[in-house]
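A look at the structure
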Amino acid sequence: MRRAEGWPPAVQRVSVMFRPGLDYVASGRAGKKGGMNATPMQTKPYGPLTCLVQDGAASAAFPRPVIPVILCHGYGAPGSDLAGLATYLLDWLGERAGAFRLIFPAAPLTLEEVGMPEGRAWWPLNMAALQQLLQTSQFEQLHDSKPPGLEEARNQLTQMLAEVFQQMPSVGEAQSPPRYVLGGFSQGAMLTMDAIML
């Protein structure tokens, strides 16, 4: 396993193995507790998206999760890309881990036809058009453009969020508005920002 330079040692030891059919297993030893603050990771559909889900271990203070943490991967990454952070995050939360459910949705589009059999995308990218804009120093034209497929991806993410909140009623009942974490990397970050800004 390759170490990620500049990251804390606990993060450097976390890895994710891919198995076809969205069956993912997160492994690794993070922090001093070595993953003791987590339940086994499961594959679960939420709305139209297939997700990896891992709850923090229940405790007397937090017998069930009440705060979902949804992290969306970037363009070209497999759905499991960010799942390796789960063990580290739950260990870092310590006794509070039982309050959290970590959810890692897989983007709906496959990139198999462009030579990335495990890669996924939230919307397609026109690499030729991007390259042309870069070469002609017209990259700023993208600032005001709306990528084709963004609206569909946003709708799928918001459907997923609605189902997450519905299945965790304590989120909606205990607080108004509900407490949750929504984030992502690269294209996943763009999608989450778009969804939250509506």
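Residues numbered from 1 in each chain as written. Predicted model: local features only at pLDDT ≥ 70, side-chain atom pairs only at ≥ 80, totals over all residues. Heavy atoms only, no water.

Glancing now at the overall build of the chain. The helix and strand inventory of the chain stands at six helices and nine strands. Element-wise, carbon and sulfur atoms account for 56% of the exposed surface of the chain, whose accessible area totals about 11,200 Å². (Helix = DSSP H or I, 4+ residues; strand = E, 2+ residues; numbered from the N terminus. Areas by Shrake-Rupley, 256 points an atom, 1.4 Å probe, with all protein chains shown as cover.)

Moving on, we get to unusual backbone geometry. Non-glycine residue Ser-186 carries a positive phi angle of around 55°. Looking at the secondary structure, you find Ser-186 in the loop between β9 (181-184) and α6 (187-196). Since its relative accessible area comes to 40%, Ser-186 is described here as partly exposed. (Buried < 20%, exposed > 50% of the residue type's maximum accessible area, 1.4 Å probe, protein only.)

Right, let's get into the pairing of strand β6 (residues 100-105). Burial within β6 is extensive, with six of its six residues counted as buried. Because side chains alternate across β6, one face comprises the buried residues Phe-100, Leu-102 and Phe-104, and the other comprises Arg-101, Ile-103 and Pro-105, equally buried. Note that strand β4 (residues 49-55) and β6 share five bridges and pair antiparallel. Considered in β6, the bridge of Asp-55 is made with Arg-101. Sheet topology places strand β5 (residues 67-72) next to β6; four bridges connect them, and they run parallel. Following the sheet pairing, Val-69 is matched in β6 by Leu-102. The β-α-β motif built from β5, the intervening helix α2 (residues 85-93) and the parallel element β6 has right-handed crossover chirality. (Pairing = 2+ DSSP bridges. Right-handed = clockwise from strand over helix to strand, strands pointing away.)

Throughout the structure, instances matching the rule amount to three salt bridges. Between Glu-151 and Lys-146 there is a salt bridge, with its nearest N and O atoms 3.6 Å apart. By relative accessible area, which is 52% here, Lys-146 ends up exposed. Between Arg-154 and Asp-194 there is a salt bridge, and its shortest N-O distance comes to 2.4 Å. One end of the pair, Arg-154, is in helix α4 (residues 150-167); the other, Asp-194, is in helix α6, and 40 residues separate them in sequence. (Salt bridge = Lys/Arg side-chain N within 4 Å of Asp/Glu carboxyl O.)

A few words on the sheet that holds strand β3 (residues 42-46). The five strands are arranged β3-β4-β6-β5-β9 in an open sheet whose pairing can be described as mixed. Edge positions in the sheet fall to β3 and β9, since each of these pairs with one other strand and no more. Between one strand and the next, the sheet's axes are offset by a mean angle of 30°, whatever the strand orientation. Where β3 and β4 come together, five bridges link them in antiparallel fashion. Within β4, the position partnered with Gln-42 by the bridge is Val-53. The strands touched by α2 are β4, β5 and β6; relative to β6, the strand with the most contacts, the crossing angle is about 165°. Of the strands in this sheet, β3, β4, β5, β6 and β9 touch α4, which is tilted by about 110° from β3. (Axes fitted to C-alpha atoms, helices over the stretch in contact; angles between N-to-C directions. Contact = heavy atoms within 4.5 Å.)

Moving on to the confidence of the model for the chain. Residues of the chain with pLDDT of at least 70 account for 77%, and the chain-wide mean is 80. Low pLDDT (under 50) marks residues 1-34, which in the prediction has 56 contacts with non-local residues, meaning those over four places away or in another chain. (pLDDT = per-residue confidence, 0-100.)

This paragraph deals with the state of the cysteines. Counted under the stated rule, the structure contains zero disulfides. The thiol of Cys-51 is unpaired, and the distance to the nearest cysteine sulfur, on Cys-72, comes to 8.4 Å. Relative accessible area serves as the criterion here: at 1%, Cys-51 is assigned to the buried category. (Disulfide = S-S within 2.5 Å.)

Residues Tyr-46, Cys-51, Ile-103, Trp-122, Leu-157, Met-160 and Leu-191 are the most contacted members of the largest nonpolar core, which totals 19 residues. Elements represented by at least two residues in this core include exactly β4, β5, α4 and α6. Counting residues per element, this core draws most heavily on α4, which supplies six residues. By size, the runner-up hydrophobic cluster in this structure holds 16 residues, among which are Leu-52, Ile-67, Leu-82 and Leu-102. (Core = buried A, V, L, I, M, F, W, Y, C linked by side-chain atoms within 4.5 Å.)

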